[in-house]
Amino acid sequence: MSPDAGSGEISPTTIRCNCGHRVVRKDVIQTGLYLSVLGPSYVYVRYRCGRCRRVGEKLVEQESWDPAVLHPARRRGEDADIQRFEEMGEITPEEIIDFHYGLERLGAADRQGEVERA
Ligand SMILES: [Zn+2]
């Protein structure tokens, strides 16, 4: 990984722990969205540092927030909310499995009954 400095471009917002560790997605416990009518909206990120294990919080302006700064890592359980937030519309493996079983059930029903419907 290369240092952020010296590129001359506007770098996306990164979150750093007080110890200097860059917070990546696997460190994130929770994210939320603070919508404001008057001012800018904020993304709320709660994390536990992967290095020093301290828990911290950060508010990032939604406009400058890019979920990609947290390197994608697939996890389950506690990250469900984060995934829903960051990957809205994306189909999860669980959904694919559900869909698969649903199709099987449909297929079985079709084979027993009316097959032709077009
Ligand atoms: Zn730290």
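Please read these numbers as outputs of a predicted model, since none were measured by experiment.

Enquirer: What should I look at first to understand the overall build of the chain in this one?
Expert: Scanning the chain from terminus to terminus reveals 2 helices and 3 strands. Of the regular secondary structure in the chain, the N- to C-terminal order runs β-β-β-α-α. Counting all 118 residues of the chain, 10% fall into the buried class. At a minimum sequence separation of 6, the contacts of the chain that also span at least 24 residues come to 47%.

Enquirer: Before we go on, may I ask you to explain unusual backbone geometry in this structure?
Expert: Comment: phi is negative for the bulk of residues other than glycine, and the bulk of peptide bonds are trans. Despite not being glycine, Arg53 shows a phi value in the positive range, around 70 degrees. Relative to the helices and strands, Arg53 is located in the loop between β2 (42-48) and β3 (55-61).

Enquirer: How should I be thinking about the sheet that holds strand β1 (residues 28-34) in this particular structure?
Expert: Through backbone hydrogen bonds, the strands of a sheet pair up, either in parallel or in antiparallel fashion. Read from one edge to the other, the open sheet built from 3 strands follows the order β1-β2-β3, with strand pairing classed as antiparallel. Looking at the sheet topology across the chains shown, the edges are occupied by β1 and β3. The sheet shows a mean angle of 15 degrees between the axes of neighbouring strands, direction not considered. The sheet contact formed by β1 and β2 spans 6 bridges and is antiparallel. When the bridges of β2 are listed, Gln30 appears paired with Arg46.

Enquirer: What exactly am I supposed to notice about the nonpolar core here?
Expert: The tendency in soluble globular proteins is for nonpolar side chains to be buried as a group. In terms of nonpolar packing, the biggest core is built from 8 residues, these being Ile15, Cys17, Val23, Val28, Val43, Val45, Tyr47 and Leu70. The leading source of residues in this core is β2, at 3 residues. Filtering out sequence-adjacent residues up to four positions away, Leu70 remains in contact with Val24, Arg25 and Val28.

Enquirer: Got a minute to help me understand the pairing of β3 in this structure?
Expert: In terms of burial, β3 is largely open, as just 0 of its 7 residues are buried. Pairing geometry for β2 and β3, over 7 bridges, is antiparallel. Bridging across to β3, Arg48 finds its partner in Val55. The loop that links β2 with its antiparallel partner β3 comprises 6 residues; one of these, Arg53, has a positive phi angle of about 70 degrees.

Enquirer: Help me out: how do you make sense of the confidence of the model for the chain in this one?
Expert: The predicted coordinates ought not to be read in detail in places where the model reports low pLDDT. Here the chain averages 75 in pLDDT, and 62% of its residues register 70 or above. Element-level mean pLDDT values for the chain span from 59 in helix α1 (residues 80-86) up to 93 in β2.

Enquirer: What am I meant to see in the environment of Cys17 here?
Expert: The residue Cys17 is located in the segment before β1 in this model. Take Cys17: there are 20 C-beta atoms within 10 Å of it, and that puts it in the buried class. Look past the residues within four positions of Cys17 in its chain and what remains in contact with it is Val23, Cys49, Arg51, Cys52, Arg54 and Gly56.

Enquirer: Would you mind going over the environment of Gln62 with me for this structure?
Expert: Relative to the helices and strands, Gln62 is located in the loop between β3 and α1. Along the sequence, Gln62 and Tyr34 sit 28 residues apart, while their C-alpha atoms lie 8.7 Å from each other. Apart from residues no more than four positions distant in its own chain, Gln62 is found in contact with Pro40, Ser41, Tyr42 and Val43.

Rules and cut-offs
- Residues numbered from 1 in each chain as written.
- Predicted model: local features only at pLDDT ≥ 70, side-chain atom pairs only at ≥ 80, totals over all residues.
- Helix = DSSP H or I, 4+ residues; strand = E, 2+ residues; numbered from the N terminus.
- Buried ≥ 20, exposed ≤ 12 C-beta atoms within 10 Å, placed from the backbone.
- Contact = placed C-beta atoms within 7 Å.
- Pairing = 2+ DSSP bridges.
- Axes fitted to C-alpha atoms, helices over the stretch in contact; angles between N-to-C directions.
- Core = buried A, V, L, I, M, F, W, Y, C linked by C-beta atoms within 7 Å.
- pLDDT = per-residue confidence, 0-100.

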